[in-house]
Amino acid sequence: MNITKLLRLPEAIPCDKRMHYLVGSIFTTILLCIPLSMFAVVIALIVLAWGIEVSQRVFKWGTYDNYDAIAVVIGGLVVMLPYIIKGL
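This one's a predicted model, so the numbers in the text were calculated from it and none came from an experiment. (Residues numbered from 1 in each chain as written. Predicted model: local features only at pLDDT ≥ 70, side-chain atom pairs only at ≥ 80, totals over all residues. Heavy atoms only, no water.)

**As for the environment of Thr-29**
Part 1 of the argument: Structurally, Thr-29 can be placed in helix α2 (residues 15–32).
Part 2 of the argument: Using a relative accessible area of 40% as the deciding quantity, one classes Thr-29 as partly exposed.
Part 3 of the argument: Along the chain, Thr-29 and Leu-81 lie 52 residues apart, while their C-alpha atoms are 12 Å from each other.
Part 4 of the argument: A polar atom in the side chain of Thr-29 sits 2.7 Å from the backbone oxygen of Ser-25. (Helix = DSSP H or I, 4+ residues; strand = E, 2+ residues; numbered from the N terminus. Buried < 20%, exposed > 50% of the residue type's maximum accessible area, 1.4 Å probe, protein only. Polar contact = N/O pair within 3.5 Å; in protein donor to acceptor, adjacent residues only side chain to side chain.)

**Some words on the nonpolar core**
Part 1 of the argument: Formed by Leu-45, Ala-49, Ala-69, Val-72 and Val-73, the largest nonpolar core amounts to five residues.
Part 2 of the argument: Elements with a minimum of two residues in this core: α3 (38–59) and α4 (66–87).
Part 3 of the argument: Non-local contacts of Val-73, meaning those with residues more than four positions away in its chain, are made with Leu-45, Ile-46, Ala-49 and Trp-50. (Core = buried A, V, L, I, M, F, W, Y, C linked by side-chain atoms within 4.5 Å. Contact = heavy atoms within 4.5 Å.)

**Digging into the side chain of Thr-28**
Part 1 of the argument: Note on placement: Thr-28 falls in helix α2.
Part 2 of the argument: A distance of 2.8 Å separates the side chain of Thr-28 from the backbone oxygen of Gly-24, its partner in a polar contact.

**What about a nonpolar patch on the surface?**
Part 1 of the argument: Among the surface-exposed residues, Tyr-21, Tyr-67, Ile-70, Ile-74 and Val-78 lie close enough to one another that they form a single nonpolar patch of about 470 Å² accessible area.
Part 2 of the argument: Take the nonpolar patch: its biggest share by element is four residues, from α4. (Patch = residues over 30% accessible without salt bridge, like charges linked within 9 Å, V, L, I, M, F, W, Y side chains within 5 Å. Areas by Shrake-Rupley, 256 points an atom, 1.4 Å probe, with all protein chains shown as cover. Salt bridge = Lys/Arg side-chain N within 4 Å of Asp/Glu carboxyl O.)

Okay, structure coming up:
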């Protein structure tokens with residue numbers, strides 16, 4: 001795989017999933033500014049991720065998609081990764 005294909009790889013991810021990834025990253029960054037345990041941050045991230053999806057189904061302002069929730073969680077976990085490694 002050449003460098004051009006590697007750099008264009010994020011374009012293969014749908015825009016909606018990239019947006020959910022960004023939401024998870026920003027939410028986790030904000031939570032890490034508050035003195036909480038890592039476990040509490042992960043639980044809050046999971047609640048946010050599936051809370052968004054359930055609210056889309058209940059209020060019919062979007063479509064329910066588990067992959068969107070997974071993108072939120074992955075975005076948050078990527079931000080938490082340095083803190084997790086530091087704790088090991």
